[in-house]
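Below, each chain spelled out in residue letters.
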Amino acid sequence: MSKLYKVAVCGATGAVGNQMIQCLEQRDFPVGELRLLASERSKGKKLTYKGEQIPVQVLDNGSFQGIDIALFSAGGGTSQDFAPVAAESGAVVVDNSSAWRMDPEVPLVVPEVNPGAVAGYTTKGIIANPNCSTIQMVVVLEPIHRAAGIERVVVSTYQAVSGTGQKAIVELENQLKALHEGREPEAKVYPQQIAWNLLPHIDVFKDNGYTKEEMKMVLETQKIMADDSIQVSATCVRVPVRYGHSEAVNLQTRDKLSAGDVREILSKAPGIKLVDDPANLVYPTPLMAAGQDLTMVGRIREDISQERGIDLFLVADNIRKGAATNAVQIAELLAEKYL
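These notes cover the structure that comes with them.

About the cut-offs
Residues numbered from 1 in each chain as written. Predicted model: local features only at pLDDT ≥ 70, side-chain atom pairs only at ≥ 80, totals over all residues. Heavy atoms only, no water. Axes fitted to C-alpha atoms, helices over the stretch in contact; angles between N-to-C directions. Helix = DSSP H or I, 4+ residues; strand = E, 2+ residues; numbered from the N terminus. Parallel < 35°, antiparallel > 145°, perpendicular 65-115°, else oblique. Left-handed = near helix turned anticlockwise from the far one by under 90°. Contact = heavy atoms within 4.5 Å. Nonpolar A, V, L, I, M, F, W, Y, C, P; charged D, E, K, R; others polar. Buried < 20%, exposed > 50% of the residue type's maximum accessible area, 1.4 Å probe, protein only. Pairing = 2+ DSSP bridges. Right-handed = clockwise from strand over helix to strand, strands pointing away. Salt bridge = Lys/Arg side-chain N within 4 Å of Asp/Glu carboxyl O.

To characterise two packed helices, one gives the angle between the axes of the helices and the distance between these axes. Look at helix H1 (residues 15-26) against helix H8 (residues 320-337): their axes get within 9 Å of each other, and the N-to-C directions meet at 50 degrees. Relative to H8, the element H1 is oriented oblique. Both H1 and H8 take part in a crossing whose hand is right-handed. In this structure, H1 contributes Val 16, Gln 19, Met 20, Cys 23, Leu 24 and Gln 26 to the contact, and H8 contributes Arg 320, Ala 323, Ala 324, Thr 325, Ala 327 and Val 328. When grouped by side-chain class, the residues that make up the contact of H1 with H8 number eight nonpolar, three polar and one charged.

Okay, structure coming up:
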């Protein structure tokens, strides 16, 4: 990548926006100009990129003139309003919200899984970044699916509060402090106390009894893997952890695989690190995954309740691989092959 690109980060002052800036620097993306965009309330702020203080500009309809790639992480409403504006200005948008994910004319991309789908950006000028919990799961599912075919997935997630945003991290910390001091914890971000608790409720409930987050995992998995025959059932749970989403996954494959087969498959797959030595109490944890770009997999075992079943446990940093890193990896694919 000898060419330099003009890159905008929309939602630059948020947690994911900040990580996008860090990932661009850490992965040495060929940035010629970096334009940082946010709402009016961030006017006057400066953020650091490669030792340089870059002022944050207020997002408006003229923000994307001359931009090659626009990384969006400013919420679905902003993406719906401004992603088409950016595309009309000539930028390719990589959007981290849910606004465009299920649009049939917008590719939904995880680079380790369906890099070729990036080519579909030409229809609307937009590429969607999947949901964080979906990204880490399909990174693991895809190599197994290629090897043996996946018929069914049952997944239970254990999702960190950072998935809700900085306000949820602060709420968890305040509740823990209140409990330590013998005070009644206050719940504003979540409907119930999250400290020392679990909430089997992420996003709104749908008519079928599943939450919107759970249905994202169902529909996004099928779209990314281009296979509607893969049956998925998800239960998404919020846990009192700052960073790192964990998932317990049960697979039913078309062809029989042993646990050793799965380890061999995953050991060669991109974006995955095996952390699977239970005899020595080695398995993935959220603390282990924090700040990492790999999806960590362990507890690999054959399901004793069905002949073609595999159980495993996986963890990834939801702000990095689950959002910012995946978006920058998409930008890398654009720079390498399309722009």
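This brings us to the pairing of strand S6 (residues 92-95). Covered by surrounding structure in S6 are Val 92 and Val 94 together with Val 93 and Asp 95, the residues of both alternating faces. Pairing analysis gives four bridges linking strand S5 (residues 69-72) to S6, with the strands arranged parallel. The residue bridging Phe 72 from the neighbouring strand is Asp 95, located in S6. Of the crossover connections in this fold, the one passing from S5 over helix H2 (residues 76-88) to the parallel S6 is right-handed. In terms of strand pairing, S6 meets strand S7 (residues 126-128) through three bridges, oriented parallel. Bridging across to S7, Val 94 finds its partner in Ile 127.

Spatial ordering of the open sheet is given by S9-S8-S10-S13-S12-S11, a layout of six strands whose pairing is mixed. The strands lining the two open edges of the sheet, one partner per strand, are strand S9 (231-238) and strand S11 (272-274). Mean inter-strand twist for the sheet, computed between neighbouring axes without regard to direction, equals 25 degrees. Bridge count between strand S8 (residues 150-159) and strand S10 (residues 245-253): eight bridges; the pairing is antiparallel. Paired with Arg 152 across the two strands is Gln 252, which belongs to S10. The strands touched by helix H3 (residues 132-148) within the sheet are S8, S10, S11, strand S12 (295-302) and strand S13 (309-316), with S10 carrying the most contacts at an inclination of about 25 degrees.

What follows covers the pattern of salt bridges. Here the structure, examined in full by the defined rule, presents 19 salt bridges. As a salt-bridge pair, Glu 181 and Arg 183 come within 2.9 Å of each other at their nearest N and O atoms. When its relative accessible area of 44% is taken as the criterion, Glu 181 is described as partly exposed. For Lys 216, the salt bridge is made with Glu 213, and the minimal N-O distance between the two is 3.9 Å. Taken together, the residues span about one helical turn, with Lys 216 and Glu 213 both in helix H5 (residues 212-224) at a distance of three residues.

What follows concerns the environment of Arg 308. Positionally, Arg 308 belongs in the loop between S12 and S13. We classify Arg 308 as partly exposed; its relative accessible area is 28%. Placed 158 residues apart in sequence, Arg 308 and Ile 150 show a C-alpha to C-alpha distance of 9.8 Å. Residues in contact with Arg 308, not counting those within four places in the same chain, are Glu 151, Leu 251, Gln 252, Thr 253, Arg 254, Asp 255 and Lys 256.

With that settled, consider the side chain of Glu 213. The class for Glu 213 is buried, based on a relative accessible area of 5%. Aside from chain neighbours lying at most four places away, what touches Glu 213 is Asn 131, Ser 133, Gln 159, Ile 202, Asp 203 and Cys 236.

Time to look at unusual backbone geometry. At Asp 28, a position not held by glycine, the phi torsion is positive, near 55 degrees. One can find Asp 28 in the loop between H1 and strand S2 (31-38). You will see that Arg 299, though not glycine, has its phi angle at about 55 degrees, which is positive. Within the secondary structure, Arg 299 is located in strand S12.

Pairing is mixed across the open sheet formed by seven strands, whose spatial order is S3-S4-S2-S1-S5-S6-S7. The sheet is open, and its two borders are formed by strand S3 (46-49) and S7, each paired with just one other strand. The average undirected angle you get between the axes of adjacent strands in this sheet is 25 degrees. Sheet topology places strand S1 (residues 5-10) next to S2; six bridges connect them, and they run parallel. In the sheet register, Tyr 5 faces S2, and the bridge partner there is Val 31. Of the strands in this sheet, S1, S5, S6 and S7 touch H2, which is tilted by about 175 degrees from S5. In the packing of H8 onto the sheet, contacts are made with S1, S5, S6 and S7, and the angle to S5 comes to roughly 165 degrees.

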